[in-house]
Structures are given as C-alpha cells and as structure tokens.
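Letter by letter, the chains look like this.
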Amino acid sequence: MATTAVGQPLSRVDARRKVTGTATYSAEHRIEGLLYGVIVNGTVARGTVSRISVDAALAHPGVLRVLTDFGKLQLAHPVDRLAFYGQPIAVVVAETLEAATHGASLVEATYERQDAVTDFDDPDIPSQTPEDEPDYSRGDPAGALASAQVKVDLELTSARENHNPIELPSTIARWQDGRLTLWDKTQWSQGAARTVAGALGIAVTDVRVHNEFLGGGFGSGIQTYDHVVLAAFAAREVNRPVKVVLTRRQFYYGTGFRPASRHRMALGSTAAGRVSALVYEVRIENARYRTYTDGLTDLPKFLYGVPNTSTAYRITPIDVHSPASMRGPGVVLGNFALETAMDQLAHELAVDPVELRLRNEPTQDEVSQLPFSTRKLRECYETGARRFGWYRRRAKPGSRTDGDLLIGMGMATASYHNNRRDSSARARIHADGTAEVFAASADMGPGTTTSVMQVAADALGLPASAVTFRLGDSSYPTAPLHAAACTMASVGSAAHTTCNALKAEFIRRAVADPNSPLHGANPADVQVRDGQLETSGARDTYRDILRRAGLPSLDITGNWGPGDADSRISTYGYGAVFAEVSVDPLLGLVRVRRIFAAYDVGRVISPKLAHSQAIGGMVGGIGMALLEGTVTDHRDGRIVNASLADYLVPVNADVLDLDAAFINTEDPQADPIGVKGLGEITIVGVAPAIGNAVFNATGKRLTDLPIRPEALL
C-alpha cells in the first residue's frame, strides 16, 4: 500500500547540493564579462554631500567607473541628501573585487552636516501615533486597573537587533536587449522585480529575478535595498554585468533591523487570579523618511480573556535607516512584555504560572469577536509541562542550586497569526510519469522545496521521489513574500489545489477515452496511487494517458487564496515554551540548560523540518534574551559593533538541549491543507521564558533585553 508523503520525516531534497557545494547562491553564478561593484557609504547621519572626489579612485588600475549621480533613481529614502549613516554616495565598478574595494577607499567626500539625532530616547524628539496602529481600548482599563486587588506595572526595554544570516546581501545584474536579469538574495523575487523596475523607471515585465538558494534571511531579504538597485543601475551604465556584495559591516548599514523598543505593561487582577485589566504602551525607533510598524500590540490585546484592555503604539522618528521585519516581527517583543508581566503577576499571587494562564483562557477572540478555528493551547501547556518536568520547579526564587550555581525554570506562552495570502502554482506531469510544480516562492532555510513537494506528491498520487518543486524565479506563478510564516499555508495550498485540478484533468481524459481501461467510469470513483488511476479493478496511468494523446506533458496553472475566511474565524498558532537556566551569582553569567516547547501549528507536513524550525527559533530567542544588541555611537550614527566579532549571536555552546513537540491537530477552516504558520511562532515565547527562569533562579526581575551579566551582580 502506498505511503503518503505528508507527515513523513523526509530529509531536505536539496541537502546534498548544499553540503557538497553544488547549490549556487546569488553571488556564485558565473556570468561572462562580470564586473565588480563596491558601494561607498556616507559617514554622517544627516546632511548633504558638498563635494566628492573620485579622481584617485579612477586612477587606480582596474577601476572603470565611479558612479555618484543617483538623481534619476527612485529609492526608498531621499537621494539628494543623507538620511542615515552609511547611505550610499557612490559605486565603484572595476575589473576585480580587489580593485573595486581599494578604489572605494580612495573616494573622498566632504559634507554639509546638519544636526542629527540617532538616539530615540532623546527627550527633544516627539513621538507619533502611526496611522496603521491606532490606539485600542475595550471596557474601562484605567478604572479596572485602579480598582484591581493585585497589580503589576513594569517598564521594559529591548535593544536594536540586526539580522545576521550566513549569506551576505548579494546581487548580480545583467542587461540584455533592454531587459534586466538579477540573481539576488531576496525573500521575494516578484517584490524585488517590482521595486527595481520602479526605481529604474522600466516595466516590471522587463525584470526577471532568480533566487533559488538563500543562505538564511530572518527578514533581511524581504525589502529590496539600495545595493540591488545600484547593481542594476551600474550594470546599465557600464553595459556589462555587475556584482555587488555587501560586507558584513555594510550589512548593518545597508539593510533594516529590529527596532529598539520601550514598553509599559500593567496588569490588574483579582485575588483569585482573573486578570481584569491590561494597559500596554509601547514605543519604537523609526526613520524620519519612512514609517515602519509591526505587530507589537497584537498579542497583548488578544492572548488572554481580559475584559478591560488598552494598547497604545508610538514611533519616534530619528536619523537612522528604516527598521524592518525580523523573525517574529513585533509580536516577539510585545509578547516579551506580556509574558514577563504575567510571570510577575503569578509570583505576586503565589499561583503557578501555567495555572494563571489557564485561568485566563478566552472563549473567543476578544478583539474580533470571532470564534477560534482551533486553539489547543491547553494541550500545549499540558504536553510541555509534562515532558519538560515542570513539577520539579520550585516556586520560591533562588531556592534551587547546583553547586555554586542558581537554577531556575520559567515558561511563556507563544502565539502568531496564521497568515495566508493569494498564491498561484503551475503543475506539470511528464510523459515519464514524473511531475514538476512551479511557484515564485523562496526557501531561505525552512525546507520549502521539500514540504511543498510532499503536498504536491500526495495531491497527484505520486511518490515523493517523482515530484520536484521548483521555486526561486520571478517568472514563475505568483507567490507572496517568503516571510510572515505564510509560505506553507499559501504556496502549499496553491500547489495542493493546482495538483488536484491536474489530477482531475487526467481522470477526465481517461474516462472519456474509449481506449482507456477507465472509459465510462465515474470520475468520483477513480483513485490515484503511485501514478496509477484505479477503479473497480481497472487501471490506467499518467504515462499511458499522455502516450495515447501524443503529449510530452500536461500542465495546469491554478490559484488559491483565503477569501473571506478571516472575517469568519480567528486563526492563530499557539505554543508553550519552557526553559531552565543556571546563573553564576559571582559572574552574573546565565546559561540556558534546556528548552522544551509544545506547539499547536495545525497539520505538520514534515516533522523533521518542523522540528528544525523550532530549534532555529529557540536559538534566535536565546540570542534575543542574552546576547544580541546593536550599539550606536550617537555622535554620528555609526554602528559600533557591526561585525560578528562584536555583535554576539548564539554558538553551539549556547544551545545545549533544545527540543519541541507538536500537538496533533489540523486547521481545515483556514486552508485546504490544514496548516498554520510555523516560522515565526518558534521564537515568540523564548526570551520571556528565559527571563522568567532567571527570575526563578535569582529573584531578580530583569526587564531589559538582552539580559547582561552586570544586571545580575
């Protein structure tokens, strides 16, 4: 009997190519006549370039052009003045990377400086309410907080964080007959095509973007930044292909970041542990030239059944590059504030933190007043607590030791909206019985190439080995950005829908063909397994149907979208994260001993890949909790620690014992394959779980991220 592909722990189909070096990333394509471009960055946060000298650079052997006039380009920021430190002011194009790099060092600029502010805590800079994040209120939060029997009121902060995937931002641009081809490290090939076309003033149909392999992203490749446009611009100006790869330091200046934030989270509760009031106020840094917002207030107003709730979102525009989405954007920080306050409230009430959360489970989405599609959060708490060994936790902080170390346990809830977006796919079956599915999606690491293949294989009734999912090309059918945990629900559903339509077309042809063994059969009775169409003992195959029709292949393009589902149901993923830490009281050193999380994320297409996603999210959460923070010199806006030598990220020694489990559930109301997004939720509860474990170990409630050793001394 044939085994379905979905639910099997398959290895990544592209794993061998990646580990043997045959996977070709954007900067590795061999293009005839390739030149190298290096960007020259401005060194003031606000002002104009009054003079730029390029003579020395042009005199350097191998340098062909120095481009300084970007006036005709439409960029996200002003081109006639400097809006942030590191803004490109020139591109040096040379025959070799070495010549371009040295030529860039010879470009000299003088500036007319203007007073700049790069510290968003500057009291002279007023904050603003963004148009897309209006204040929210239900009930009487101020009154309920004032009259609450037990109150918690915390001030919390988080540092700016920068994306640090392995692969650097890189682009190769080539023009042929007025058409532009880009090989780009982007999480959204069709979005990149639109942005570059708009920036250059050409038709989007004249731009094709390839992005088959990505070496990580975490949100850094959603937007299309200056280096991509400048590579295309330079290639057009010199009439030869040009490659631009940012250095690690330029990565910090040239792309977005998770903005620093300031929070106030106040909870009011009855003595019995029913939360009656929630007041959440948050402020993040922003650029002056562009407004950026994300979902900081989503979970505080949604996660628990609090009748009196208010949220207020503010931005402070300063002279910096615009922030951008970073894994778990916004939600991860709003949840840190909420779950830290919930843990403090549990301590004040002398109630187990899991029990407090159970007492405040809502019966419906309090914001939309819609029913939950599925919400198996109770099962997440129960599974996580049991497998983690939560019963060993001691309620009194500082009461458990291991030699000279203090040991603590903490937990936090996680949730993330189940994003689904319109998507398309093309499915094709060949005369040899193999199939291909195409969509303009991407795979920055979660295994999209594998998981969509599994869905397609089951829909077509083929073994997984006979199906290939092809992505990474903007000319393929429309797909949404590879971010916001929407890829599997969107692209996977489009592949499922399209492959079922293609299977139905083969069945229709077979039952209508007098030469088919299935002629005259009821199409509804035909089953397809391993490429064979069967009913009542009669069999036909994809191969034979194509052979009789004289066709080398047959394909169909289909579409899927969520329609009005979000107006009828509230669909989220859920999780419970448990952490154990040790704290050295003499050094203030926190070590994560282990993390276990249980998730309700709908149908799990590939258990092996899902577990890998969970582990990756936990690693990112450890970085947020204990290590990561971008430091700015506010005299000029320069990032001080713009390198992996100075910007700390977790390494193998920091991730000792990480594990996850998935609750057996599906969400058929949300999408036809019953999945929920997994990519974002796995980081959401990690930082507060670690912070709450530190409190349990030490009795010190730390509310600033990252948690630094000096805060524990």
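Below is a short write-up of the structure. Just so you know, these numbers come straight off a predicted model, no measurement behind them.

**Observations regarding the sheet that holds strand β9 (residues 179-184)**
Taken together, seven strands build an open sheet; the order of strands is β3-β4-β1-β11-β8-β9-β10 and the sheet is mixed. One side of each edge strand has no neighbouring strand; the edge strands of this open sheet are β3 (63-67) and β10 (207-210). Pairwise comparison of adjacent strand axes, ignoring direction, gives a mean angle of 20° for this sheet. Strands in contact with helix α3 (residues 97-106) are β1 (35-41), β3 and β4 (88-94); relative to β1, the strand with the most contacts, it is inclined by about 20°.

**Focus on the side chain of S441**
Inspection of the secondary structure assignment puts S441 in the loop between β18 (435-438) and α12 (448-460). When its relative accessible area of 1% is taken as the criterion, S441 is described as buried. Not counting residues up to four positions away in its chain, the partners in contact with S441 are N211, T448, L471, G472, A479, H482, T487 and V491.

**Description of the pattern of salt bridges**
Scanning all chains against the criterion turns up 37 salt bridges. Residue D540 pairs with R548 through a salt bridge whose shortest N-O separation is 2.5 Å. A residue is classified by how much of its surface remains accessible, and D540, at 2% relative accessible area, is buried.

**Points about the packing of helix α9 (residues 331-349) against helix α17 (residues 686-698)**
Contact pair α9 / α17: the axes reach a minimum separation of 8 Å and the direction vectors enclose 30°. Here α9 lies roughly parallel to α17, going by the angle between them. α17 is crossed by α9, and the crossing has right-handed handedness. Residues N335, F336, E339, T340, D343, Q344 and H347 of α9 form the contact with α17, whose participating residues are A687, P688, N692 and F695. Classifying every residue of the contact of α9 with α17 gives four nonpolar, five polar and two charged.

**So, the state of the cysteines**
By the definition in use, this model includes zero disulfides. Looking at the unpaired C499, the closest cysteine sulfur is the one in C486, lying at 19 Å. Take C499: its relative accessible area is 0%, and that puts it in the buried class.

**Some remarks on the sheet that holds strand β20 (residues 527-529)**
If you trace the three strands from one edge of the open sheet to the other, you get β20-β21-β22, paired in antiparallel fashion. The open sheet has two free edges, formed respectively by β20 and β22 (538-541), since each of these has just one partner strand. For this sheet, the mean inter-axis angle between neighbouring strands, taken without regard to orientation, is 30°. Bridge count for strand β21 (residues 532-535) against β22 is four bridges, and the pairing is antiparallel. Paired with T535 across the two strands is A538, which belongs to β22.

**Here we look at α12**
For α12, with 13 residues, the first-to-last C-alpha span of 18 Å sits near the 18 Å given by 1.5 Å per residue. Across the 13 residues of α12, twelve count as buried, placing the element largely inside the fold. Taken together, the buried positions of α12 are T448, T449, T450, S451, V452, M453, Q454, V455, A456, A457, A459 and L460. The first or second residue beyond α12 is G461, which carries a positive phi of 70°.

**Observations regarding α3**
Listed in full, the buried residues belonging to α3 are A99, A100, G103 and A104. Taken around the axis of α3, the buried residues stretch over an arc of 135°, which confines them to a single face. Away from its buried face, by an angle of more than 90 degrees, α3 presents the exposed residues E98 and S105.

The rules we used
Residues numbered from 1 in each chain as written. Predicted model: local features only at pLDDT ≥ 70, side-chain atom pairs only at ≥ 80, totals over all residues. Heavy atoms only, no water. Pairing = 2+ DSSP bridges. Helix = DSSP H or I, 4+ residues; strand = E, 2+ residues; numbered from the N terminus. Axes fitted to C-alpha atoms, helices over the stretch in contact; angles between N-to-C directions. Contact = heavy atoms within 4.5 Å. Buried < 20%, exposed > 50% of the residue type's maximum accessible area, 1.4 Å probe, protein only. Salt bridge = Lys/Arg side-chain N within 4 Å of Asp/Glu carboxyl O. Parallel < 35°, antiparallel > 145°, perpendicular 65-115°, else oblique. Left-handed = near helix turned anticlockwise from the far one by under 90°. Nonpolar A, V, L, I, M, F, W, Y, C, P; charged D, E, K, R; others polar. Disulfide = S-S within 2.5 Å. Expected span 1.5 Å × (residues − 1). Arc of directions from axis to C-beta.

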